[in-house]
Amino acid sequence: MEKWSLMTITVLLALIVRWTVSLGSYSGAGKPPMYGDYEAQRHWQEVTYNLPIRQWYFNTSDNNLLYWGLDYPPLTAYHSLLCAYIAKLINPDWIALHTSQGYESQPHKLFMRTTVFVADLLVYIPAVIFYCFSLKETSTKKKVSSALCILLYPGLILIDHGHFQYNSVSLGFALWGVLALSYDWDLLGSVAFCLALNYKQMELYHSLPFFCYLLGKCFKKGLKGKGLVLLIKITGTVVVSFAVCWLPFCTDMEQIMQVALPFSLFFFFSPG
Amino acid sequence: SWFRALALGVSFLKCLLIPAYYSTDFEVHRNWLAITHNLPLSQWYYEATSEWTLDYPPFFAWFEYALSHVAKYFDPKMLVIENLNYTSRATVFFQRFSVIFTDILFIYAVRECCRCVNGKRAAKDILEKPTFILAVLLLWNFGLLIVDHIHFQYNGFLFGLMLLSVARLCQKRYLEGAFLFAVLLHFKHIYIYVAPAYGIYLLRSYCFTANNADGSVKWRSFSLLHVTLLGLIVCLVSALSLGPFIVLGQLPQIISRLFPFKRGLCHAYWAPNFWALYNAMDKALTIFGLKCNLLDPTKIPKASMTGGLVQEFQHTVLPSVTPLATLICTFISILPSVFCLWFKPQGPRGFLQCLVLCALSSFMFGWHVHEKAILLAILPLSLLSVQRAKDAGIYLILTTTGHFSLFPLLFTPAELPIKILLMLLFTVYSFSSLKSLFRRERPLLNWLETIYLVQLVPLEIFCEMVFPLTPWKRHFPFVPLLLTSVYCALGITYAWLKLYVSVLTERISVRQKAE
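Quick caveat: nothing in here was measured; it's all calculated off a predicted structure. (Residues numbered from 1 in each chain as written. Chains lettered and ligands numbered in written order. Predicted model: local features only at pLDDT ≥ 70, side-chain atom pairs only at ≥ 80, totals over all residues. Heavy atoms only, no water.)

Helix and strand counts for chain A come out as 11 helices and zero strands. Going residue by residue from the N terminus, the α and β elements of chain A occur as α-α-α-α-α-α-α-α-α-α-α. Since a compact globule built from 272 residues should have a radius of gyration of about 19 Å, the 20 Å found for chain A is in line with a globular shape. By principal-axis analysis of the C-alpha atoms, chain A measures approximately 55 × 55 × 30 Å. Residue burial in chain A is summarised as follows: out of 272 residues, 49% are buried. For chain A, the accessible area works out to roughly 13,400 Å², and carbon and sulfur atoms hold 71% of it. (Helix = DSSP H or I, 4+ residues; strand = E, 2+ residues; numbered from the N terminus. Rg over C-alpha atoms; globule rule 2.2 N^0.38 Å. Buried < 20%, exposed > 50% of the residue type's maximum accessible area, 1.4 Å probe, protein only. Areas by Shrake-Rupley, 256 points an atom, 1.4 Å probe, with all protein chains shown as cover.)

This is the structure in structure tokens:
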């Protein structure tokens, strides 16, 4: 059988397993007052949609950080904002400020599950397919089997589509970074990994290998010539990526300081 | 070991489907558990507290009785007859798991059928072996998965019995095959659609033990012993099943429960058979007649204009159809295939062809046919599809349209991605595997057939996504069902005719060769 039909079948199977898992319950279902990760994600949609950016990470009268305060970097916040815009079109009650706390219904569950599903489909799954196809000196069967094994990994499926989280986005971006580096597209790889890092600070676990690999590449090319150019380019790319993500927050230095401190605390103590 | 992987994989998928939507059939079976558990035999077919009365033959009632003794360990409250629509988590888990568990018989039957498929095209790659492809087409059949494990029915083990009896007949173990089919008939009487194929084949190939040189029946080889044995088997099974009820004098009640002819020509959703086309033609002619003022609007019964969903309706322009008419049509339509089986039996393959044609013809012309009955034709046809390219082409058309016609069974939003993804999975697999199996022969489908099948995609988008957002939804809610039914009826009719022509022309050419 041709490799594209085999891969299509693999992807379809992976999607079916994901959606059937999402038929089940989610974290904190029917458990007031705190509920769980599902309510956290819904709350972030509420916060990002209704409040101005300067209030997203701060304890204000409208934003109680003790009730699922935003503890991921801005890209998660932007993703929540995008989902909130779509939620508003379907049913504004889902993200109404304050009144939507603990909102649970079948249509809302369907919406939330769809957001995870779409994120998975757009970021993580294509990365896995490209990765498997780019494996060298492996037969088609082995490539498809690798894809099947990776896509059917139960841990990610259960956490993302069951418990309810968006790990596939950050992991997907990190994998795109790996792919880009394997093709010697260092700048694109850096951008991809920066996106991963700005989505979930948990990706810091993968940052050291990326850093050392790129630095080592610069050294290999010779720090007096091409290596230095590459180092400057990569540094510039990383700084620009971070700047783009954090730009809306850079209204004043005091804000940045106020964000950076609790942020680093959250990084150390958050469950990830 | 690949077989085990396929069987386990699909079983795990079935487990994942446990929390999915289930239809009223779930309550039907819960009610039957309660009835058989609590009431004595004499009241099983009279109990009517719930609207879902027992309308399957006695063996199925005994099956529910056996299940009920396991059910009491899960949740005894589900066995109370008055607990209508009782759906505790334990009940759902038990019922779902009973379907998954009884599918073991289906898995065993598929294994036996795979043994019957000849491995002449011995391919090195496991994915290209006919046995592997057949196993996937049967074990992962889309229709069976969604009807049994989402909608909720027990077709798995019943088809297991049927496929097992087919396998036994292919292995020339005639008595076992006959016994299994007799048992099957007393589990679910819908299999009577294919009884003529069994009857004629057993008579021709088992009761007459030899053929003449030109292939025609050798009348002298009639074996009284074989006929007696067959008769004994059928009588014994029937006695075991209906015996107690005949003694109680309840046979007419059972017959009225099993064959409720009071229901209309078509189900609420028209099964995509000949009568769907007939109804559509009637509606079209009515509208045309009204527009051209050939018909008097006051004389037209209201139901037929707004309906499509009303169970009993009279036709306006074309003559109304009675149960007797459908019986005659069905009988006439199965005659050619049965004659073929008698005059030129080609062994097990000929029997399978006749079986599929009987199932399809009964589907086309039967009274109050359910769209799920298309599975009776699809599953046996899978066995033929991995052996000949022509059958593979017909199989692809029948299976894609047949499975698509099952879509209206799952109408909840949460199940929409499941049915689309599963349908895509099965369709992509069936097309690519059969194409690669027969890649040395000409293409399986011509351009017209391909266009027809591709048009299913816009049809689905229109019915599920576009139509609900239009203002017509309130006034004509039946339009998507009507469109689906009529469009699929075209495909299924075409597949039926194509299969018939292929079987008849094959026989004629064989006879010419013999002469």
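This brings us to the overall build of chain B. Per the secondary structure count, chain B includes 22 helices and zero strands. By its C-alpha atoms, chain B is 65 × 60 × 45 Å across when sized along the principal axes. The buried share of chain B, taken over its 515 residues, is 56%. A fraction of 77% describes how many contacts in chain B between residues 6 or more apart in sequence connect residues 24 or more apart. In the structure as shown, chain B presents an accessible area of about 22,500 Å², 69% of it carried by carbon and sulfur atoms. (Contact = heavy atoms within 4.5 Å.)

Moving on to the packing of aromatic side chains. Under the definition given, this model contains 64 aromatic pairs over all chains. Between Phe93 of chain B and Phe97 of chain B, the ring centres sit 5.7 Å apart and the planes meet at 15°, which makes this aromatic pair stacked. Residue Phe93 of chain B and its partner Phe97 of chain B are located together in helix α4 (residues 89-116), separated by four residues, close to a single helical turn. Judged by relative accessible area, which is 40%, Phe93 of chain B ranks as partly exposed. Their ring planes at 55° and their centres at 6.0 Å tell us that Phe142 of chain B and Phe407 of chain B sit as a pair that is tilted. Within this pair, whereas Phe142 of chain B is found in helix α6 (residues 142-152), its partner Phe407 of chain B is found in the loop between α17 (389-404) and α18 (416-437), the two being separated by 265 residues in sequence. Each of the two residues, Phe142 of chain B as well as Phe407 of chain B, counts as buried. Stacked on the ring of Phe133 of chain A, the Lys or Arg Lys3 of chain A has its end atom at 5.0 Å from the ring centre. Taking NZ or CZ as reference, Arg204 of chain B lies 5.9 Å from the ring centre of Trp342 of chain B, over its face. (Phe/Tyr/Trp six-rings, centres within 6.5 Å; stacked < 30°, edge-to-face > 60°. Lys NZ or Arg CZ within 6 Å of the ring centre and 35° of its normal.)

Moving on, we come to helix α5 (residues 140-151) of chain A. With 12 residues, α5 of chain A should cover 16 Å at 1.5 Å per step; its first-to-last C-alpha distance of 16 Å lies within 8% of that length. The elements touched by buried residues of α5 of chain A are α1 (3-21), α4 (106-133) and α6 (154-164) of chain A. (Expected span 1.5 Å × (residues − 1).)

What follows deals with the interface of chain A and chain B. One frequent convention defines the size of an interface as the accessible area lost when the parts assemble. At the junction of the two partners, chain A supplies 16 residues and chain B supplies 24 residues. In total, about 1,800 Å² of surface goes out of reach between chain A and chain B, with carbon and sulfur atoms giving 84% of it. It is Met1, Ile16 and Leu23 of chain A in chain A that bury the most area against chain B; as a group they hold 35% of the surface buried on that side. Taken together, the connections running from chain A to chain B amount to one salt bridge. A salt bridge links Asp125 of chain B to Lys141 of chain A, with the nearest nitrogen and oxygen atoms 3.2 Å apart. One can count two residue pairs in polar contact (both at pLDDT 80 or more) joining chain A with chain B. Counting residues per element, the side of chain A that touches chain B draws most heavily on α1 of chain A, which supplies 11 residues. Here the residues of the side of chain A that touches chain B sort into 13 nonpolar, two polar and one charged. (Buried area = accessible area lost by both parts, 1.4 Å probe. Salt bridge = Lys/Arg side-chain N within 4 Å of Asp/Glu carboxyl O. Polar contact = N/O pair within 3.5 Å; in protein donor to acceptor, adjacent residues only side chain to side chain. Nonpolar A, V, L, I, M, F, W, Y, C, P; charged D, E, K, R; others polar.)

Glancing now at the domain arrangement of chain B. Residues and elements named next belong to chain B. What the domain assignment reports for chain B is domain 1 (1-153) and domain 2 (266-320 + 368-514). Facing the 28 residues of domain 1 at the interface are 33 residues of domain 2. If you look at where domain 1 meets domain 2, you find one salt bridge. Scanning the region where domain 1 abuts domain 2 turns up four residue pairs in polar contact (both at pLDDT 80 or more). In terms of residues, the side of domain 1 that touches domain 2 owes the most to one element, α6, which gives eight residues. Across the side of domain 1 that touches domain 2, the residue classes break down as 20 nonpolar, five polar and three charged. (Domains from an automatic or database assignment.)

Bringing the UniProt feature "signal peptide" (unreviewed entry) in chain A into the picture now. On the UniProt side, "signal peptide" (unreviewed entry) is annotated at positions that read residues 1-24 of chain A here. Spanning residues 1-24 of chain A, this segment combines 79% helix with 0% strand, and its end C-alpha atoms are found 34 Å apart. (UniProt positions renumbered as here; feature names shortened; annotations may be inferred.)

Taking the numbering used here, the UniProt-annotated feature "signal peptide" (unreviewed entry) corresponds to residues 1-23 of chain B. Taken end to end, residues 1-23 of chain B is 65% helix and 0% strand, and its first and last C-alpha atoms sit 35 Å apart.

Attention shifts here to the environment of Phe431 of chain B. All names here are of chain B. Examined against the element boundaries, Phe431 turns out to sit in helix α18. When the C-alpha atoms of Phe431 and Gly393 are compared, they prove to be 9.2 Å apart, with 38 residues separating the residues in sequence. Discounting chain neighbours no more than four positions away, the residues touching Phe431 are Leu396, Thr400, Leu445 and Leu453.

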